[in-house]
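Architecture at a glance
One-letter residues, chain by chain:
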Amino acid sequence: NAGVTQTPKFQVLKTGQSMTLQCAQDMNHNSMYWYRQDPGMGLRLIYYSASEGTTDKGEVPNGYNVSRLNKREFSLRLESAAPSQTSVYFCASTGTGLNEQFFGPGTRLTVL
Amino acid sequence: QKEVEQNSGPLSVPEGAIASLNCTYSDRGSQSFFWYRQYSGKSPELIMFIYSNGDKEDGRFTAQLNKASQYVSLLIRDSQPSDSATYLCAVKGRGGSARQLTFGSGTQLTVLP
């Protein structure tokens, strides 16, 4: 039981490049989330998916797109990376009726 | 005004002391409250959650909630160096935002041997 996995662990991009961050969970959870964490800012919600087939914007969605590919997988895409998107990105999931969000190990992204 | 506020610290306590971490929130209708611990370079992990006024104890950890004052705290008794981490307060909203958690910016705790 791997829990929540994320790939890649580290990535360096140049301004304007695109990339997709992958997230998968094997806990049969309905809801999945993407957060970014910047120094002194805590975790800020980018997008979430309450169930397969649905996605909703969070606090900071600009510059990002998401896809809930199936119940297990939730990807985050940066179409044209900007230095302001340098951050640590966490994926999380939670099951119906559960209080705990389980987090993946994170992706450390640097945009030059 | 931020929705969830925490003192950023750093907070330093000697080993064996009680560490007190505080959090205030702005949405009076918030339903559930969470404390996460995050070690440097790692992902957050849940320590406790609370949704009723009063105290909730789990081992060395006690969460306290006062909805009238919109205040939630975490007490760590007999603090250990292994408790040194950033502690994140999170609040679950109501209605459409009930699926979301809003996090504070975290309090960095250092327990000195």
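This report concerns the structure included in the present document. (Residues numbered from 1 in each chain as written. Chains lettered and ligands numbered in written order. Predicted model: local features only at pLDDT ≥ 70, side-chain atom pairs only at ≥ 80, totals over all residues. Heavy atoms only, no water.)

1. Brief notes about the overall build of chain A
In terms of helices and strands, chain A carries 0 helices and 11 strands. Counting helices and strands in the order they occur from the N terminus, chain A gives β-β-β-β-β-β-β-β-β-β-β. Whereas a compact globule of 112 residues would reach a radius of gyration of roughly 13 Å, chain A reaches 13 Å, a difference of no more than 12%. Dimensions of chain A, computed from C-alpha atoms along their principal axes, come out at roughly 40 × 25 × 25 Å. Expressed as a percentage of its 112 residues, the buried residues of chain A come to 48%. When the accessible area of chain A is evaluated, it comes to approximately 5100 Å², of which 50% is carbon and sulfur surface. Placing the 10 positive and 8 negative side-chain charges of chain A at their respective mean positions leaves the two points 6 Å apart. (Helix = DSSP H or I, 4+ residues; strand = E, 2+ residues; numbered from the N terminus. Rg over C-alpha atoms; globule rule 2.2 N^0.38 Å. Buried < 20%, exposed > 50% of the residue type's maximum accessible area, 1.4 Å probe, protein only. Areas by Shrake-Rupley, 256 points an atom, 1.4 Å probe, with all protein chains shown as cover. Lys, Arg positive; Asp, Glu negative; His and termini not counted. Charge placed at Lys NZ, Arg CZ, Asp CG, Glu CD.)

2. Description of the nonpolar core
Counting 23 residues, the largest nonpolar core has B:Phe33, B:Trp35, B:Val72, B:Leu74, B:Ile76, B:Tyr87 and B:Leu109 as its most contacted members. Elements with a minimum of two residues in this core: strand E3 (19-25), strand E4 (32-38), strand E5 (45-50), strand E7 (61-66), strand E8 (71-76), strand E9 (85-92) and strand E11 (107-112) of chain B. A:Val4, A:Tyr64, A:Phe74 and A:Val111 belong to the second-largest nonpolar core, a separate cluster that totals 20 residues. (Core = buried A, V, L, I, M, F, W, Y, C linked by side-chain atoms within 4.5 Å.)

3. Regarding the environment of B:Met48
Residues and elements named next belong to chain B. Checked against the element boundaries, Met48 lands in strand E5. On the basis of relative accessibility, which here comes to 4%, the residue Met48 falls in the buried class. Each C-alpha atom of the pair Met48 and Arg37 lies 9.5 Å from the other, and the pair is 11 residues apart in sequence. Here Met48 is in contact with Phe33, Phe34, Trp35, Lys56, Glu57, Asp58, Phe61, Thr62, Ala63 and Leu74, once residues within four sequence places are set aside. (Contact = heavy atoms within 4.5 Å.)

4. What to know about the sheet that holds strand E1 (residues 4-6) of chain B
Residue and element names in this part refer to chain B. In spatial order, the strands read E1-E3-E8-E7-E6; together these 5 strands make up an open sheet with antiparallel pairing. Each edge of the open sheet carries a strand with a single partner, namely E1 and strand E6 (54-58). Across the sheet, the mean angle separating the axes of adjacent strands is 20° when strand polarity is ignored. Where E1 lies against E3, 3 bridges are found, and the strand directions are antiparallel. By the bridge assignment for E3, Val4 is matched with Tyr25. (Pairing = 2+ DSSP bridges. Axes fitted to C-alpha atoms, helices over the stretch in contact; angles between N-to-C directions.)

5. Description of the pairing of strand E7 (residues 64-68) of chain A
Residue and element names in this part refer to chain A. Here E7 shows a clear split, with Tyr64, Val66 and Arg68 buried on one side and none of Asn65 and Ser67 buried on the other. Sheet analysis places E7 next to strand E8 (residues 74-78), joined by 5 bridges and oriented antiparallel. Bridge pairing in E8 places Ser67 opposite Ser75. Connecting E7 to the antiparallel partner E8 that follows it, the hairpin turn spans 5 residues.

6. Focus: the state of the cysteines
Each disulfide is one covalent bond, formed between the sulfur atoms of two cysteines. The full count for this structure, using the stated rule, is 2 disulfides over all chains. Disulfide pairing places A:Cys23 opposite A:Cys91 at an S-S distance of 1.9 Å. Looking along the S-S bond of the A:Cys23-A:Cys91 disulfide, the torsion reads about -70°, which is the left-handed sense. Residue A:Cys23 is found in strand E3 (residues 19-25), and its partner A:Cys91 is found in strand E9 (residues 87-94); the two are separated by 68 residues along the sequence. Between the sulfur atoms of B:Cys23 and its disulfide partner B:Cys89 the distance amounts to 2.1 Å. For the disulfide bridge between B:Cys23 and B:Cys89, the dihedral angle about the S-S bond is near -70°, and by the sign convention the bridge is left-handed. One end of the pair, B:Cys23, is in strand E3; the other, B:Cys89, is in strand E9, with 66 residues separating them in the sequence. You'll find B:Cys23 and B:Cys89 in the same group, each marked buried. (Disulfide = S-S within 2.5 Å.)

7. What about the environment of A:Glu59?
Residue and element names in this part refer to chain A. Here Glu59 shows up in the loop between strand E6 (56-57) and E7. For Glu59, a relative accessible area of 54% gives the class exposed. With 14 residues separating them along the chain, Glu59 and Leu45 place their C-alpha atoms 5.3 Å apart. Sequence-distant contacts of Glu59, that is, excluding residues within four places in its chain, are made with Arg44, Leu45 and Ile46.

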